[in-house]
Amino acid sequence: MIKIRNIALLASVFVAGILHAQDDADLLRYSMLNPVGTARYNAMGGAFGALGANFTGLSTNPAGIGFYTRHEISLSLGTVTQNGRTEYYGEHNELEKTRVNFPQGGGVFCIRNGNRKEGRAWSLQLGFGANRIKDFNNNVYVRGVNNQSSYMQDVAARSAGYDFAVLHQDVSHIGNLAYQTGLIDYADTLDFTYESFLGRGLRQKHILQERGNISEMVFSFGGNWSEQLYFGVTLGIPIVDYRQTSLIEEEAAEGSRLPHNFKSYQVRNRMDVSGTGLNLKLGLIYKPVHFFRIGLAFHTPTYYWIKETADLDLTTRMQYVLSNNDVLPNAVYGGYSDRYGLSTPLKGVLSMAFLVNNFGAISVEGELIDYRHMRMDVDDDLDYNKHIRDIVRENYDLAGVLRLGTEWRVGILSLRAGYVWQSCPYKNELLRNYWSNHTATAGLGLVLGRWNLDFSFMADLGKRTDQFYYLLDGDGTPLVKPAKLDFSKYTCTVSLGCRF
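Only a predicted model underlies this, so the values are computations on that prediction, with no experimental measurement involved.

(A) Structural view of the packing of helix α3 (residues 151-158) against helix α4 (residues 174-181). Contact geometry for α3 and α4: axes closest at 9 Å, N-to-C directions at 115°. In terms of orientation, α3 lies roughly perpendicular with respect to α4. Taken as a pair, α3 and α4 cross one another with a handedness that is left-handed. Across from Y151, M152 and V155 in α3, the residues of α4 making contact are I174, G175 and A178. Partitioning the contact of α3 with α4 into residue classes produces five nonpolar, one polar and no charged.

So this is what it looks like as structure tokens:
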């Protein structure tokens, strides 16, 4: 007997191939961020929590606004090249894509400059603009021959309890489409359990394309007292633009003879997500001596209002003839449109910076996120919200981000480098054993009068274990191997700034 384990498999890229209601994967998608902003910020690994005077840093520690002494506007342009390499049942595949992005644009304006000689110790600044806090662009191609199970067995297991014989009921469920085409059928009509005639020995393929980003509109206010205590607050309005296309295919091996003259089927899912969020960031930086700074920031949870639409189509190459000689269709369609809310976890940021006279800086920053506090808010469904909350508590944990950065100036030239390490948010050992995320950064800057021109390069390298689906036999033995995904992302950014 084949059964499915009652566990969410935690942001697997393949979960998207199943058309379903919102789950913990949606929560993680908007909670785990990877900010990309000005070239100076990128080149130093984003370690600006205690350094300040960087526009993208307003989304990390808004107290950095207090270090501005002149008005400044900046704009950034970049390219992102992403490469995904997969291994599934011994077969290796690879996809690569390059895209252009605009990671940052905005300005900071000094509304009051402190002047100790005139008895004015306060300095106040105002800033607004946009930072790119998440890049969704991703490509995955997985293919291999699975001699253990079929994805349709997973669909059958997940369809238990639904009565798909009622026309148009649960049309958004992939099990409904599989039933209408004959890929699954009743195992027991009394308790509405299902089974599939498909099993082992199929060539499986999954292609996933993700596009979009989260761009955060920032409105910051802050300043400093006597150039020693710096403070700031940022109102963040993140805007979500996420698009996903997923294709799942299973094909009969050459020469095989399966029921209903089965050749293959394809499931194609297209999903579009848009939404707006709201959060607040509070920050302090203390400079007890000229060569040392310490920063502390607190980010409230971000609450999102999300609109999600999806279209699903299933096509088959087979001929399923019923007892009355009617033939089941080879193409069926479904979809849904939904609105819901979600909240990301709160976040704390601690940072330190050491300055060497006026030509060098070393900065370190730590970020702590409690992913156990991600929440789903589906209207009029308290039971489902509680169900998602229980899954999150069971499968997620505390995680952190470590950022290191350094900068050294020689005349008008600045040389920069950095490193970012992100820890795994999952409790599941299978996912933790093949999970890593490291980013190395470098760059340079030129100061030409009131203009500054900066360049950066980021190499983001990581790996994941992703589950196509999750089936167990009666003894608890897995019936599908996870796919191994190794990814690399290379980001080049150029920024132009002007002080006046």
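(B) Layout of the nonpolar core. Counting 37 residues, the largest nonpolar core has Y151, M152 and L183 as the members making the most contacts within it. Among the elements of the structure, β5 (138-146), α3, α4, β8 (202-225), β9 (229-252), β10 (264-289), β12 (303-317) and β22 (483-499) are those that each provide at least two residues to this core. Residues within four places of M152 in sequence aside, it is in contact with A178, L183, I184, S196, L198, E250, Y265, V267 and L314. Core analysis: the second largest hydrophobic core is formed by 32 residues, M32, Y304, M376 and A399 among them.

(C) Region of interest: the packing of aromatic side chains. What the rule picks out here adds up to 24 aromatic pairs. Each ring, one from Y30 and one from Y304, has its centre 5.9 Å from the other, and the planes form 45°; the classification is tilted. In this pair, Y30 is assigned in helix α1 (residues 24-31) and Y304 in strand β12, connecting sequence segments 274 residues apart. Accessibility classification places Y30 together with Y304 in one group, the buried group. Note on F67 and Y230: the rings are 3.7 Å apart at their centroids and 5° apart in plane angle, and the pair reads as stacked. Of this pair, F67 sits in the loop between α2 (39-43) and β2 (72-88) while Y230 sits in strand β9, placing them 163 residues apart in sequence.

(D) Inspection of helix α5 (residues 382-395) at higher detail. In a regular helix each residue adds 1.5 Å, so 14 residues correspond to 20 Å; α5 covers 20 Å between its end C-alpha atoms and thus fits that length. The complete set of buried residues in α5 reads N385, I388, I391, V392 and N395. Along the axis of α5, the buried positions cluster into a sector of 120°, meaning they face one direction only. Along α5, exposed side chains directed more than 90 degrees from the buried face belong to L382, D383 and E394.

(E) Just unusual backbone geometry, in detail. A positive phi angle, near 55°, is found at A53, a position not held by glycine. By secondary structure assignment, the location of A53 is in the loop between α2 and β2. Within the chain, Y89 stands out as a residue other than glycine whose phi angle is a positive 50°. Locating Y89 in the fold gives a position in the loop between β2 and β3 (91-112). Judged by its relative accessible area of 22%, Y89 falls in the partly exposed class.

(F) The arrangement of the pairing of strand β18 (residues 413-422) in detail. Side chains of β18 alternate between two faces, with S414, R416, G418, V420 and Q422 buried and L413, L415, A417, Y419 and W421 left unburied. Note that strand β17 (residues 398-410) and β18 share 10 bridges and pair antiparallel. If you follow L402 over to β18, its bridge partner there is W421. The pairing of β18 with strand β19 (residues 436-448) spans nine bridges and is antiparallel. Bridging from a neighbouring strand, Y419 pairs with A440 of β19.

(G) Local environment of the pairing of strand β14 (residues 347-356). A one-sided burial pattern is seen for β14, the buried positions being K347, V349, S351, A353 and L355 and the unburied ones G348, L350, M352, F354 and V356. Pairing of strand β11 (residues 292-299) with β14, which is carried by eight bridges, proceeds in the antiparallel orientation. Residue H299 lies in a different strand from β14, and its bridge partner there is K347. Pairing between β14 and strand β15 (residues 360-370): 10 bridges, direction antiparallel. Paired with F354 across the bridge in β15 is I362. Counted between consecutive antiparallel strands, the loop separating β14 from β15 contains three residues, among which N357 sits at a positive phi close to 50°.

Conventions and cut-offs
Residues numbered from 1 in each chain as written. Predicted model: local features only at pLDDT ≥ 70, side-chain atom pairs only at ≥ 80, totals over all residues. Heavy atoms only, no water. Axes fitted to C-alpha atoms, helices over the stretch in contact; angles between N-to-C directions. Helix = DSSP H or I, 4+ residues; strand = E, 2+ residues; numbered from the N terminus. Parallel < 35°, antiparallel > 145°, perpendicular 65-115°, else oblique. Left-handed = near helix turned anticlockwise from the far one by under 90°. Contact = heavy atoms within 4.5 Å. Nonpolar A, V, L, I, M, F, W, Y, C, P; charged D, E, K, R; others polar. Core = buried A, V, L, I, M, F, W, Y, C linked by side-chain atoms within 4.5 Å. Buried < 20%, exposed > 50% of the residue type's maximum accessible area, 1.4 Å probe, protein only. Phe/Tyr/Trp six-rings, centres within 6.5 Å; stacked < 30°, edge-to-face > 60°. Expected span 1.5 Å × (residues − 1). Arc of directions from axis to C-beta. Pairing = 2+ DSSP bridges.

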